[in-house]
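Here is how the chains run, residue by residue.
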Amino acid sequence: MFRLIGDFGVDLGTANVLIYAERRGIVLREPSVIAVDKNTGKILQVGAAARNMLGRTPGNVVAIRPLREGAISDYEMTERMLSSFFKKISRFSLIKPRVIVSVPSGITEVEERAVIQAATNAGARQVYLIEEPLAAALGAGMDLSGANGKMVVDIGGGTTDVAVLSMNGIVVSNSIKVAGDAFDDAIIRYLRRRYSVLVGTNTAEEIKMAVGTVYEGSESVTMRAKGRDLKTGLPREIDVSSSDVLEALRRSARQILDAVMDALEHTPPELVADISQNGIVLTGGGSQIRGMVQLVEERTGIPARVADDAESCVALGCGKSLKWISSMQEGTINIARRKLMEEG
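If you're wondering where the values come from, they're calculated on a predicted model, not measured in any experiment. (Residues numbered from 1 in each chain as written. Predicted model: local features only at pLDDT ≥ 70, side-chain atom pairs only at ≥ 80, totals over all residues. Heavy atoms only, no water.)

Q: For this particular structure, what's the right way to read the overall build of the chain?
A: For the chain, the count of helices and strands is 11 helices and 18 strands. Over its C-alpha trace the chain gives a radius of gyration of 21 Å, about what one expects of a compact globule, namely 20 Å for 344 residues. Once the C-alpha set of the chain is aligned to its principal axes, its extents read approximately 60 × 60 × 35 Å. In the chain, which comprises 344 residues, the share counted as buried stands at 54%. By sequence separation, contacts in the chain at least 24 residues apart represent 62% of the contacts at least 6 residues apart. Carbon and sulfur atoms make up 47% of the accessible area of the chain, which totals about 15,600 Å². A gap of 7 Å separates the mean positions of the 41 positive and 42 negative side-chain charges of the chain. (Helix = DSSP H or I, 4+ residues; strand = E, 2+ residues; numbered from the N terminus. Rg over C-alpha atoms; globule rule 2.2 N^0.38 Å. Buried < 20%, exposed > 50% of the residue type's maximum accessible area, 1.4 Å probe, protein only. Contact = heavy atoms within 4.5 Å. Areas by Shrake-Rupley, 256 points an atom, 1.4 Å probe, with all protein chains shown as cover. Lys, Arg positive; Asp, Glu negative; His and termini not counted. Charge placed at Lys NZ, Arg CZ, Asp CG, Glu CD.)

Have a look at this one:
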């Protein structure tokens, strides 16, 4: 039976894609991975099933993460992945949906066009863009309508976006390509150097989630991890402690804090005073690593907290912004980006 599906809000993340459907809430949460047969070009799996194939595929099958550091690195695969997701949740829809897609605040015009075109070709009727920190703040339930300054730090998979917001707009923003993926890579490099053991990306992520910390005062815990001994080439198990992960993530955590401090330094004094009273809100999957709140508070001297359902904040914010599509209020969804779509 055919039905009207409504419009979509899409958190097009480097690690995960979340889709918010109008009147239905978040209807899809899948890893940003697609598995393809190289010989035939046929899509074998998309999302979680494809992610499980990373590092495990035969020669003719390749599992791809088509987004890197917050931007599209493989345009065709991104389009095909989105098309699969859109069809999955709007199979019986009468008309194509309008779509709002989140993008990092540091995205270039070329990257914007790539996102718009990929979403359009994947099945969207119209495509609008919203900056991730603004979407994250909306999804975290922050009231941005007044002149009172608020600060959000969104630590995603490919990028960390820091923004000071006021009156439904971004006053100051900073985006760096250091986030969850950089954490995983740092853990892989550290274990290789410290124990001469090579682990895969999935294992590094499991370590990060189980024993990861970025603050020296955090409780020490340990887990067993399996990898390949670089000297013998044989399987090997090692005990990885939270102090190991702390050492591995020290540099990445410092870069995120530097981005936060840089944003504060470029913020008008009146808004800094507001932020010191309102506190800093952390969103994104990377914000949930142990010790991040304490580290931010220690460096800035400002209270901080992790938003409820931090991983979903950007998608929820995209969903909340759907009501602005018709009016296209300046400062909320940039009108210039709408023109990019119309002219393209």
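Q: Would you mind going over the packing of aromatic side chains with me for this structure?
A: Geometrically, a pair of aromatic rings is defined through the distance of the ring centres and the angle of the planes. All chains considered together, the criterion is met by 1 aromatic pair. Summarising the aromatic geometry, the rings of Phe-8 and Phe-86 are spaced 5.7 Å apart at their centres and angled 50° between planes, so their arrangement reads as tilted. Within this pair, whereas Phe-8 is found in strand 1 (residues 8-12), its partner Phe-86 is found in helix 2 (residues 75-89), the two being separated by 78 residues in sequence. Judged by its relative accessible area of 4%, Phe-86 falls in the buried class. Lying across the ring of Tyr-195, Arg-194 places its NZ or CZ 4.8 Å from the centre. (Phe/Tyr/Trp six-rings, centres within 6.5 Å; stacked < 30°, edge-to-face > 60°. Lys NZ or Arg CZ within 6 Å of the ring centre and 35° of its normal.)

Q: Just checking my understanding: could you explain the pattern of salt bridges for this structure?
A: Between side chains of opposite charge, a pair can form as their charged atoms come close. Under the definition given, this model contains 14 salt bridges. Measuring nitrogen to oxygen at the nearest pair gives 2.2 Å for the salt bridge that ties Arg-51 to Glu-205. Remark: Glu-205 occurs in helix 6 (residues 201-211) and Arg-51 occurs in helix 1 (residues 48-51); sequence separation between them is 154 residues. (Salt bridge = Lys/Arg side-chain N within 4 Å of Asp/Glu carboxyl O.)

Q: Can you help me understand helix 9 (residues 292-300) in this one?
A: Three- or four-residue spacings in an α-helix give side chains the same orientation, since the helix completes a turn every 3.6 residues. All buried positions along helix 9 are accounted for by Met-292, Val-293, Leu-295, Val-296 and Thr-300. Along helix 9, the residues classed as buried sweep out an arc of 165° about the axis, all on the same side. Those residues of helix 9 that are buried lie in contact with strand 11 (150-155), helix 5 (180-195), helix 7 (242-265), strand 17 (280-283) and strand 18 (304-306). Gly-301 occupies a position one or two residues after helix 9 and carries a positive phi of about 75°. (Arc of directions from axis to C-beta.)

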